[in-house]
Amino acid sequence: MNQPIIKLSGLGKSFSGNRILHSIDLEVLPSQVIVVIGPSGSGKSTLLRCCNGLEVAEEGSIEICARKLLTNGNMLPDHDLNHLREQVGMVFQSFNLFPHLSVLENITVGPRKIQGMDKQGAEELARALLSKVGLSHKADSMPATLSGGQKQRVAIARALAMKPKVMLFDEPTSALDPELVGEVLQVMKALANEGMTMMVVTHEMGFAREVADIVVVMDHGRIVESGPPDKIFVNPREERTRSFLQAVLTRNAQSSAA
Ligand code: ADP
Ligand code: MG
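Quick look at the structure, then. Predicted model only: the values in this text are computed from it and were never measured. (Residues numbered from 1 in each chain as written. Chains lettered and ligands numbered in written order. Predicted model: local features only at pLDDT ≥ 70, side-chain atom pairs only at ≥ 80, totals over all residues. Heavy atoms only, no water.)

Turning to the overall build of the protein, a few remarks are in order. Along its length, the protein carries nine helices and 11 strands. Scaling as 2.2 N^0.38, a compact globule of 258 residues should have a C-alpha radius of gyration of about 18 Å, and the protein matches this with 18 Å. Along the longest, intermediate and shortest principal axes, the C-alpha atoms of the protein span 55 × 50 × 40 Å. Put simply, 64% of the contacts in the protein that link residues at least 6 apart link residues at least 24 apart. Counting only carbon and sulfur atoms, one obtains 49% of the accessible surface of the protein, whose full area is about 12100 Å². Charge centroids of the protein, computed over 27 positive and 28 negative side chains, lie 1 Å from each other. (Helix = DSSP H or I, 4+ residues; strand = E, 2+ residues; numbered from the N terminus. Rg over C-alpha atoms; globule rule 2.2 N^0.38 Å. Contact = heavy atoms within 4.5 Å. Areas by Shrake-Rupley, 256 points an atom, 1.4 Å probe, with all protein chains shown as cover. Lys, Arg positive; Asp, Glu negative; His and termini not counted. Charge placed at Lys NZ, Arg CZ, Asp CG, Glu CD.)

A few words now on the site of ligand 1. Near ligand 1 you find F15, I20, P39, S40, G41, S42, G43, K44, S45 and T46, and these make up its full shell. S42 is positioned with one of its backbone polar atoms (N or O) 3.2 Å from an oxygen atom of ligand 1. The separation between an oxygen atom of ligand 1 and a polar main-chain atom of G43 is 3.0 Å. Across the complex, the protein chains shield 57% of the 560 Å² of accessible surface that ligand 1 would expose by itself. The leading source of residues in the shell around ligand 1 is helix α1 (residues 44–51), at three residues. Within the shell around ligand 1, the residues separate by chemical class into three nonpolar, six polar and one charged. (Near = heavy atom within 4 Å. Polar contact = N/O pair within 3.5 Å; in protein donor to acceptor, adjacent residues only side chain to side chain. Nonpolar A, V, L, I, M, F, W, Y, C, P; charged D, E, K, R; others polar.)

One open sheet holds the six strands; their spatial order is β7-β8-β9-β3-β10-β11, and the pairing between them is mixed. Among the strands making up the open sheet, the edge pair consists of β7 (88–91) and β11 (222–227). Direction aside, neighbouring strands of the sheet carry axes that sit 20 degrees apart on average. Inspection of the sheet shows strand β3 (residues 33–37) paired to strand β10 (residues 214–219) by four bridges, in the parallel sense. Bridge assignment links I37 to a residue of β10, and that residue is V217. The sheet strands contacting helix α6 (residues 178–193) are β3, β8 (166–170) and β9 (197–201), and the helix crosses β9 at an angle near 145 degrees. (Pairing = 2+ DSSP bridges. Axes fitted to C-alpha atoms, helices over the stretch in contact; angles between N-to-C directions.)

Applying the stated criterion to the full structure yields zero aromatic pairs. We note K13 situated over the ring of F15; from NZ or CZ to the ring centre the distance is 4.5 Å. Between R158 and the ring centre of F98, over which it is positioned, the NZ or CZ distance is 5.0 Å. (Phe/Tyr/Trp six-rings, centres within 6.5 Å; stacked < 30°, edge-to-face > 60°. Lys NZ or Arg CZ within 6 Å of the ring centre and 35° of its normal.)

This part takes up helix α4 (residues 119–132). Counting along an α-helix, one turn takes 3.6 residues, and residues three or four places apart therefore face a common direction. For α4, which comprises 14 residues, the first-to-last C-alpha distance of 20 Å matches the rise-based estimate of 20 Å (1.5 Å per residue) to within 8%. For α4, the full list of buried residues reads A122, L125, A126, L129 and L130. End-on view of α4: buried residues confined to an arc of 135 degrees, all on one side of the axis. Packing partners of the buried residues in α4 comprise α3 (103–113) and α5 (148–160). (Expected span 1.5 Å × (residues − 1). Buried < 20%, exposed > 50% of the residue type's maximum accessible area, 1.4 Å probe, protein only. Arc of directions from axis to C-beta.)

Counting 51 residues, the largest nonpolar core has I37, I107, I156, M167, F169, M188 and M198 as its most contacted members. Sort the elements by how many residues they give to this core and α6 lands first, with eight residues. Aside from chain neighbours lying at most four places away, what touches I156 is V91, M167, F169, V184, V187, M188 and L191. The next biggest cluster of nonpolar side chains, apart from the first, holds 30 residues, and it includes L11, L21, V88 and V166. (Core = buried A, V, L, I, M, F, W, Y, C linked by side-chain atoms within 4.5 Å.)

This part covers the pattern of salt bridges. Counting across every chain of the model gives 12 salt bridges. Two residues, R153 and E183, come together in a salt bridge whose shortest N-O distance is 2.9 Å. Here R153 is found in helix α5, whereas its partner E183 is found in helix α6, with 30 residues between them in sequence. Accessibility expressed as a relative area gives 11% for R153, which makes it buried. Residue E183 is classed as partly exposed on the basis of its relative accessible area of 25%. (Salt bridge = Lys/Arg side-chain N within 4 Å of Asp/Glu carboxyl O.)

Our next topic: the pairing of β3. Most of β3 sits out of view: five of its five residues are buried. A two-sided burial pattern is seen for β3, the buried positions comprising V33, V35 and I37 on one face and I34 and V36 on the other. Relative to β9, β3 runs parallel, the two sharing four bridges. By the bridge assignment for β9, I34 is matched with M199.

And the structure:
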C-alpha cells in the first residue's frame, strides 16, 4: 500500500568523467513532500532530471510506482520510458511554455498528442486546471503577455494535465520577482494539501518548513542528511547543513533589505 512512488537505489551519475551524483538512496512515499536543498552545483537538478529520464544515470536503479526506469544503469527502452515519464510531471525554473500556443493550448497539447484525449475532453480538463491555479481568465492569452508567476502557474497546470503520480519542481520560484513568488508557492501548497506526491528543489525555507515532510540536504553530489524540517532547520547534525542554512538566511536578509 505504502509502496514508494519514487525509489532511488545507489544512483550514480557522471558528466564527462566527473562524478556528479554518488550512490543516492531515496524513497518518496505517496503524498509525501520532499524538499531538496543544498548549495549550487551540489547535484539537485541532476537528481530530479534523472527521476524522469531527462538525464541517464549510469549506476544504480530508479523505480517509479514500482516499475523500473533504470536497472543497474540500464534505462528502459524508449517506448516504455515515454509511458513512465507521463507519470512524472516536471516544472522548471524557466517555465518552458510553448510561446506560439495559447495558455489553453499549452495545457491541452500533452493530453491530446500524447494521451490521445479528444479536443473537448482536453479543453474541459485544461479549464478545470486553470481554475485550480487561479487563471481561468487567461485561457486565450499568449504566454508572452503573462507575468512570470502566471507563466509558472500555467506550467504547473500543464504538468498536472498529464495526471502524473508525482510532481518534480526545480527551483520553480527562483526566476520570479519577489512579489510573484507567493502566488506560485500558494498553488504548490494547495497541491500538497490535496495529497500530491512532490519533490521540490527550492531555497524557500518558509515553504520547506511549512510543507515538507522530509528535507534532504545535498552537497557535492551526496545526501549529507535528511529528516523532518524541525530537525534539519533547528538541530542539523552536519556542519555543512548549518553553514548552508546560514548562507541562505544571510542572502535572504540582504535581499529583503535591498
Ligand atoms: P544544482 O542543481 O544543485 O545547482 P546541478 O545538478 O545543476 O546542481 O549540477 C551539478 C554539477 O553537474 C555541476 O557541477 C554542474 O556543472 C554539472 N553539470 C550539470 N549538468 C551538466 C551537463 N549537462 N554537462 C556537464 N556537467 C553538468
Ligand atoms: Mg539546479
